[in-house]
Amino acid sequence: MAKPPLLLRQALRPVLRALDSRIDRRIRHTGGERGRTVAELRRAVEELRAEVSALRSGGAPGVGPGGPPNAADPAADPVVRATVEAIFGPEGRRDRRVDPDRMRMLAAELADLGDPRGVAPREVVIAHRTLVEVENRGVGRVAGSTPNIVGKLAAVPLLRPPNGEILEIGCLYGLFAGALVRQVLRSGNDYRLTLVDPVAPRQLQGGRELREDASGVPITEALVRSNLALAGVDPDRTRLCRGLSGDPEVRTAASDRSYGLIVVDGDHTAEGVAADLEWVETITAPGAVVVLDDYGARQWPGVQEATDRHLKRGDGRLEWVGRVATSAFLRAR
Ligand SMILES: C[S@@+](CC[C@H](N)C(=O)[O-])C[C@H]1O[C@@H](n2cnc3c(N)ncnc32)[C@H](O)[C@@H]1O
């Protein structure tokens, strides 16, 4: 049998201890009767195997042969499968189930950003949990693949933004911002959140409306604010600058502070990203973290094109830190 993963082994430890002592008791009970002892032990091992298998699937211990039809392979049980899909599955958004190998790879990519305490694997688990919780509680969806979102969220406590002033350019339903606030709190900073988005009923890209969102939900200001409230974001620490990031009145309103964390996720064309980077150069605090979403994503080549061109010039304050999934991370000098 393959070795179960560490977390599962830890969760099973009390059960294994209880079973060990049960086996001990049985050995003492049977005294010198070797044949009976062996048979008893064999039965105890069988019971242990059934209990481990039930616990692995999240089922009740003690369900073994004679239990539900698929107790031997709970993942094949249609009820288990439908339940997992309902909570983590791709209906109305991207799939939120995780491939353990991809998650390990993600932790390695994050560690390359700098992880002297070796906490990247833990941060990946916590970020995934936060994504699922915020998205399931709210209305709409967080945009993007699970590894990319988890990577962006997990990077925040690792990169330790210098202050809790957050700017997200392009907030869609506001759900990612809700998750981001939690990650900033995890990094030990207090927070203030600024969102810049036109809040068009359908997402705008390069000035054009995209087709109906995968979630089937139109975007409204009331919805963005409700999602932030559902995620636990304090309305007194939040402002929504409604409009495009290039609008002069939006820039004036949002340029009143130096941000410690900026997520560029609005207009994904090369021109749009280039203009956002120019602006970002002027509103970042020293040491600020800047995230370029969809860097290297096949469907948005403009993000990488504009970012690479901006960095190549070498006359700005932003420097390359690294890439995780399809997000690039920069740091302000
Ligand atoms: C990809 S979505 C953002 C996804 C969101 N950050 C998330 O993680 O769920 C892009 C959002 O930016 C908005 N947008 C498009 N162009 C923009 C611009 N120039 N300035 C600000 N927002 C823009 C779109 O309407 C949309 O709401």
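What counts and how
- Residues numbered from 1 in each chain as written.
- Predicted model: local features only at pLDDT ≥ 70, side-chain atom pairs only at ≥ 80, totals over all residues.
- Heavy atoms only, no water.
- Near = heavy atom within 4 Å.
- Polar contact = N/O pair within 3.5 Å; in protein donor to acceptor, adjacent residues only side chain to side chain.
- Areas by Shrake-Rupley, 256 points an atom, 1.4 Å probe, with all protein chains shown as cover.
- Helix = DSSP H or I, 4+ residues; strand = E, 2+ residues; numbered from the N terminus.
- Nonpolar A, V, L, I, M, F, W, Y, C, P; charged D, E, K, R; others polar.
- Buried < 20%, exposed > 50% of the residue type's maximum accessible area, 1.4 Å probe, protein only.
- Pairing = 2+ DSSP bridges.
- Right-handed = clockwise from strand over helix to strand, strands pointing away.
- Axes fitted to C-alpha atoms, helices over the stretch in contact; angles between N-to-C directions.
- Contact = heavy atoms within 4.5 Å.
- Phe/Tyr/Trp six-rings, centres within 6.5 Å; stacked < 30°, edge-to-face > 60°.
- Lys NZ or Arg CZ within 6 Å of the ring centre and 35° of its normal.
- Parallel < 35°, antiparallel > 145°, perpendicular 65-115°, else oblique.
- Left-handed = near helix turned anticlockwise from the far one by under 90°.

A. How the structure looks around the site of the ligand. Taken together, 20 residues form the shell around the ligand, and within it Glu-168, Gly-170, Asp-197, Leu-204 and Asp-265 come nearest. Here an oxygen atom of the ligand sits 3.4 Å away from a polar atom, N or O, in the main chain of Leu-172. Contact with the protein chains hides 96% of the accessible area of the ligand, taken as 610 Å² for the molecule alone. Counting residues per element, the ones that place at least two in the shell around the ligand are strand S1 (165-169), strand S2 (192-197) and strand S3 (204-205). Residues of the shell around the ligand, tallied by class, amount to ten nonpolar, six polar and four charged.

B. Up close: the pairing of strand S7 (residues 284-293). Counted residue by residue, S7 has eight buried out of ten residues, so it is predominantly covered. The sheet contact formed by strand S6 (residues 259-264) and S7 spans five bridges and is parallel. When the sheet's bridge partners are listed, Tyr-259 is paired in S7 with Thr-284. Regarding the hand of the β-α-β motif, the stretch spanning S6, helix H10 (residues 270-283) and S7 is right-handed. The pairing of S7 with strand S9 (residues 327-332) spans five bridges and is antiparallel.

C. Up close: unusual backbone geometry. Backbone geometry at Asp-294 places phi at a positive 70°, although glycine is not the residue there. Topologically, Asp-294 is positioned in the loop between S7 and helix H11 (301-313). When its relative accessible area of 12% is taken as the criterion, Asp-294 is described as buried. Positive phi, normally seen in glycine, also occurs at Ala-325, with a value near 50°. Looking at the secondary structure, you find Ala-325 in the loop between strand S8 (318-324) and S9.

D. Spotlight on the sheet that holds S2. With respect to topology, seven strands assemble into an open sheet ordered S5-S2-S1-S6-S7-S9-S8, the strand pairing being mixed. One side of each edge strand has no neighbouring strand; the edge strands of this open sheet are strand S5 (238-242) and S8. The mean inter-strand angle of the sheet, taken between neighbouring strand axes irrespective of direction, is 15°. Packed onto the sheet, helix H6 (residues 146-159) meets S6, S7, S8 and S9 and runs at close to 25° relative to S9.

E. The arrangement of the side chain of Glu-109 in detail. Checked against the element boundaries, Glu-109 lands in helix H4 (residues 100-111). Looking at Glu-109, its side chain comes within polar contact range of the main-chain nitrogen of Ala-325, at 2.7 Å. If we ignore the near neighbours within four places in the chain, the residues touching Glu-109 are Arg-102, Arg-323, Val-324 and Ala-325.

F. Region of interest: the packing of aromatic side chains. In the structure shown here, the tally under the stated rule is one aromatic pair. Both rings, one in Tyr-295 and one in Trp-320, keep their centres 5.4 Å apart while their planes meet at 50°; by these two values the pair is tilted. With a gap of 25 residues between them, Tyr-295 in the loop between S7 and H11 and Trp-320 in strand S8 connect regions that are remote in the sequence. Taking relative accessible area as the criterion, Tyr-295 reaches 6% and is therefore assigned buried. By relative accessible area, which is 40% here, Trp-320 ends up partly exposed. Between Lys-152 and the ring centre of Phe-176, over which it is positioned, the NZ or CZ distance is 4.2 Å.

G. Representation of the environment of Gly-287. Mapped onto the elements, Gly-287 comes out in strand S7. The class of Gly-287 is partly exposed, set by a relative accessible area of 22%. Expressed as a C-alpha distance, the spacing of Gly-287 and Leu-159, which sit 128 residues apart in the sequence, is 9.6 Å. With residues up to four places along the chain from it excluded, the contact list for Gly-287 reads Pro-162, Arg-331, Ala-332 and Arg-333.

H. Highlighting the environment of Glu-85. Considering the arrangement of structural elements, one finds Glu-85 in helix H3 (residues 78-88). Residue Glu-85 is classed as partly exposed on the basis of its relative accessible area, which comes to 37%. Between the C-alpha atoms of Glu-85 and Arg-97, which are twelve residues apart in sequence, the distance is 8.1 Å. The contacts of Glu-85, once residues within four sequence positions are left out, are Pro-90 and Arg-97.

I. Summary view of the packing of H6 against helix H7 (residues 175-186). At a minimum axis separation of 7 Å, H6 and H7 run at an interaxial angle of 25°. Viewed along their axes, H6 and H7 adopt a mutual orientation that is roughly parallel. Helix-helix and strand crossings are classified by hand; for H6 and H7 the assignment is right-handed. Across the interface between the two elements, Ile-149, Lys-152, Leu-153, Ala-154, Val-156 and Pro-157 from H6 touch Phe-176, Ala-179, Leu-180, Gln-183, Val-184 and Arg-186 from H7. By residue class, the composition of the contact of H6 with H7 is nine nonpolar, one polar and two charged.

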